[in-house]
Amino acid sequence: MNDMDDMIKMLADAPEEQRQQMLTQRLKMIAGQPEEQRVKSLAGLITAVTSLKEKKMKQFIATRTKILMGLSPEEKDAIILGRMKAGKMVGEKIHMVDMKTTLETAQQMGEDKLTMLTNLMKKIAEKNGLPAPNFGR
């Protein structure tokens with residue numbers, strides 16, 4: 001286990017309010033990192049989260065998605081771009097589990113949130129010359 005795995009496991013076991021507070025700080029910190037470091041940080045986060053048991057993983061991703069929706073536009077763009085690039089590093093299976101769960105969570109928050117998130121992902125991909133995300137929908 002590495003530090004990221006330990007942190008994710010600790011956050012997954014924490015009460016929702018504490019998880020939200022600590023994960024908000026972490027995501028804001030990651031958003032401010034240089035791109036290469038941000039991509040590595042997000043790849044580690046995704047790998048650690050998808051290694052959790054399914055119920056804990058879904059809770060964690062739900063918290064992360066809620067936080068993402070509340071970040072500033074610059075932070076949101078930085079996290080989404082880093083997440084797209086990190087998806088290539090973690091392998092297709094891990095990438096798809098994380099992406100599918102994120103989209104399911106956004107949909108549970110409301111169709112408007114899902115549409116906002118998917119449109120933002122498409123816009124960021126296009127702006128940065130990345131392939132359009134496959135939302136499997």
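A brief look at the structure comes next. None of the values given here were measured: they were computed from a predicted structure. (Residues numbered from 1 in each chain as written. Predicted model: local features only at pLDDT ≥ 70, side-chain atom pairs only at ≥ 80, totals over all residues. Heavy atoms only, no water.)

Right, let's talk about the pattern of salt bridges for a bit. Within this structure, the stated rule accounts for 10 salt bridges. We note a salt bridge from Lys-28 to Glu-75, for which the minimum N-O separation is 3.4 Å. Residue Lys-28 is found in helix H2 (residues 16-31), and its partner Glu-75 is found in helix H5 (residues 73-90); the two are separated by 47 residues along the sequence. On the accessibility criterion, Glu-75 (19% relative accessible area) is buried. Connected through shared salt-bridge partners, Lys-9, Asp-13 and Lys-56 make up one network. (Salt bridge = Lys/Arg side-chain N within 4 Å of Asp/Glu carboxyl O. Helix = DSSP H or I, 4+ residues; strand = E, 2+ residues; numbered from the N terminus. Buried < 20%, exposed > 50% of the residue type's maximum accessible area, 1.4 Å probe, protein only.)

Further remarks concern the environment of Gly-32. Within the secondary structure layout, Gly-32 lies in the loop between H2 and helix H3 (35-50). Gly-32 sits in the exposed class, given a relative accessible area of 62%. Taking C-alpha positions, Gly-32 is 17 Å from Arg-64, a pair spaced 32 residues apart along the chain.

On to helix H7 (residues 111-127). Taking 1.5 Å of rise per residue, 17 residues should cover 24 Å, and H7 covers 24 Å from first to last C-alpha, within 8% of that figure. Within H7 the residues assigned to the buried category are Leu-114, Leu-117, Thr-118, Leu-120, Met-121, Ile-124 and Ala-125. Looking straight down H7, one finds that the buried residues subtend no more than 160° of arc, so they occupy a single side. Opposite its buried face, H7 presents the exposed residues Asp-112, Glu-126 and Lys-127, each directed more than 90 degrees away. Buried residues belonging to H7 abut helix H4 (54-70), H5 and helix H6 (92-109). One or two residues past the end of H7 sits Gly-129, with phi positive at roughly 65°. (Expected span 1.5 Å × (residues − 1). Arc of directions from axis to C-beta. Contact = heavy atoms within 4.5 Å.)

Residues Ile-8, Phe-60, Ile-79, Ile-80 and Leu-117 are the most contacted members of the largest nonpolar core, which totals 42 residues. Taken together, the elements giving at least two residues each to this core come down to helix H1 (3-13), H2, H3, H4, H5, H6 and H7. Beyond its immediate chain neighbours, meaning those up to four positions away, Leu-117 contacts Leu-68, Met-69, Ile-80, Thr-102, Leu-103 and Ala-106. (Core = buried A, V, L, I, M, F, W, Y, C linked by side-chain atoms within 4.5 Å.)

This part takes up the layout of surface pockets. Taking a probe equal in size to a water molecule and rolling it over the atoms shows the remaining empty space. In this structure, the largest pocket spans a volume of roughly 280 Å³. Around the largest pocket sit 13 residues that line it, and Met-84, His-95, Pro-131, Pro-133 and Asn-134 are the ones nearest its centre. Only H5 and H6 provide two or more residues apiece to the lining of the largest pocket. Sort the elements by how many residues they give to the lining of the largest pocket and H6 lands first, with 4 residues. (1 Å grid on protein atoms, 1.4 Å probe; cavity = no way out; pocket = protein on both sides within 12 Å on 5 of 7 lines; lining within 4 Å. Points joined across faces, edges and corners; volume = space filled by probe spheres on them.)

Structurally, Thr-101 is set in helix H6. Not counting chain neighbours up to four residues away, the residues in contact with Thr-101 comprise Met-57, Lys-58 and Ile-61.

Orientation of H1 relative to H3, taken along the N-to-C sense of each, is 55°, at an axis distance of 9 Å. Classified by the angle between their axes, H1 and H3 sit oblique to one another. At the point where H1 passes H3, the crossing takes the right-handed sense. Across from Met-4, Asp-5 and Ile-8 in H1, the residues of H3 making contact are Ser-41, Gly-44, Leu-45, Ala-48 and Val-49. (Axes fitted to C-alpha atoms, helices over the stretch in contact; angles between N-to-C directions. Parallel < 35°, antiparallel > 145°, perpendicular 65-115°, else oblique. Left-handed = near helix turned anticlockwise from the far one by under 90°.)

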